[in-house]
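Each chain, written out:
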Amino acid sequence: MTIKPPATRLFSTAQEASVAVATEIANLIKSSSEPVVLGLATGGTPLKLYAELIRLHRVEGLSFKNVITFNLDEYLGIPPQHPLSYWTFMHQHLFDHIDVPASQIHIPNGSLAESDQEQGCAAFEDAITEVGGIDLQVLGIGLNGHIGFNEPGSPPDTRTRVIELSESTAQRAASDFGGMENVPKQAITMGVATILDAKSIAMLAFGESKTAIIRRALNESITAEVPATYLQQHDDTTYYLDEAAATGVPF
Ligand code: F6R
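Moving on to the nonpolar core. Soluble, globular proteins show a tendency: their nonpolar side chains are buried together. Residues Ile25, Leu49, Leu53, Leu94 and Phe95 are the most contacted members of the largest nonpolar core, which totals 34 residues. Going through the elements one at a time, helix H1 (14–31), strand S2 (36–40), helix H2 (47–60), helix H3 (86–93), strand S6 (136–139) and strand S9 (200–205) are the ones with two or more residues in this core. Tallying contributions element by element places H1 first for this core, with eight residues. Not counting residues within four places of it along the chain, the set of residues in contact with leucine 53 comprises Ala22, Ile25, Phe64, Leu94 and Ile98. The next biggest cluster of nonpolar side chains, apart from the first, holds 33 residues, and it includes Ala127, Ile201, Ile213 and Ala245.

The sheet built from three strands is open, its strands ordered S4-S8-S7 with antiparallel pairing. A strand with exactly one partner marks an edge of an open sheet, and here the two such strands are strand S4 (73–75) and strand S7 (161–164). Averaged over neighbouring strand pairs, the angle between their axes works out to 30° when direction is ignored. Here S7 pairs with strand S8 (residues 186–189) via four bridges, running antiparallel. Along S8, the bridge assignment pairs glutamate 164 with glutamine 186.

Let us now look at the pattern of salt bridges. This structure, assessed with the given rule, holds seven salt bridges. The residue glutamate 24 makes a salt bridge to arginine 9 at a minimum N-O spacing of 3.9 Å. Of this pair, glutamate 24 sits in helix H1 while arginine 9 is found in strand S1 (residues 7–11), placing the two residues 15 residues apart along the sequence. Glutamate 24 sits in the partly exposed class, given a relative accessible area of 40%. The closest approach of N and O atoms between arginine 159 and glutamate 125, which form a salt bridge, is 3.2 Å. With arginine 159 in the loop between S6 and S7 and glutamate 125 in helix H4 (residues 114–130), this residue pair connects regions lying 34 residues apart in the sequence. Judged by its relative accessible area of 35%, arginine 159 falls in the partly exposed class. Relative accessible area serves as the criterion here: at 12%, glutamate 125 is assigned to the buried category. A network of salt bridges, in which partner residues are shared, links Glu52, Arg55 and Glu60.

Basis of the calculations
- Residues numbered from 1 in each chain as written.
- Predicted model: local features only at pLDDT ≥ 70, side-chain atom pairs only at ≥ 80, totals over all residues.
- Heavy atoms only, no water.
- Core = buried A, V, L, I, M, F, W, Y, C linked by side-chain atoms within 4.5 Å.
- Buried < 20%, exposed > 50% of the residue type's maximum accessible area, 1.4 Å probe, protein only.
- Helix = DSSP H or I, 4+ residues; strand = E, 2+ residues; numbered from the N terminus.
- Contact = heavy atoms within 4.5 Å.
- Pairing = 2+ DSSP bridges.
- Axes fitted to C-alpha atoms, helices over the stretch in contact; angles between N-to-C directions.
- Salt bridge = Lys/Arg side-chain N within 4 Å of Asp/Glu carboxyl O.

Spelled out as structure tokens, the structure:
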């Protein structure tokens, strides 16, 4: 595999960076006669991107009828309609406002019984393969360097699977869930290898809280301790950073 280090694009604001990613997505959709397969993330980081995609749909008539989506992850043990599920997040912040057909939306099923989870994870991988793989994967980065819910220690050959949330990830979710005791202990996540199979990757990181981990992700040699360093092995990854997140990153 060709090793081409991740490209970095610096923007004054998160808004400008988000518009740039939305423009990439819009160009991909407009230039393709085949369905476009997008990998999507939840969390605070992609909110401005999703707002811009909704604006492009409403104001500029961008259609998502020819788009297929796969979300990175979902909490395990809560139903899709739970207010804090990633299913709910994605519908509130994107899917309910664009014209992507429901049958083309794929989010890992967090309500599978334990006996069905292995098969459910394999079916999610098969669904990605059946549509020819992910064209563009949108990522955010955890403060511990996780991508999806691939927490530190995740090996590079992992596929969609059940994982335990790390302490720091659970702590970040605790206020939303009304206390650590209510945070799901597990999630289903695309694996590192699933993410690295995407034809291109857009990593978004904004704000001072991400400065330290962005430096490590870009500058440290590849290590399972910072799963985002695996992106150094991918030959079409672009980091979209605002000034705060990019402090100390050489351009
Ligand atoms: C979300 C996901 C996570 C987040 C990461 C950053 O689907 O997979 O890896 O991208 O935790 O979260 P925010 O954007 O809230 O800082």
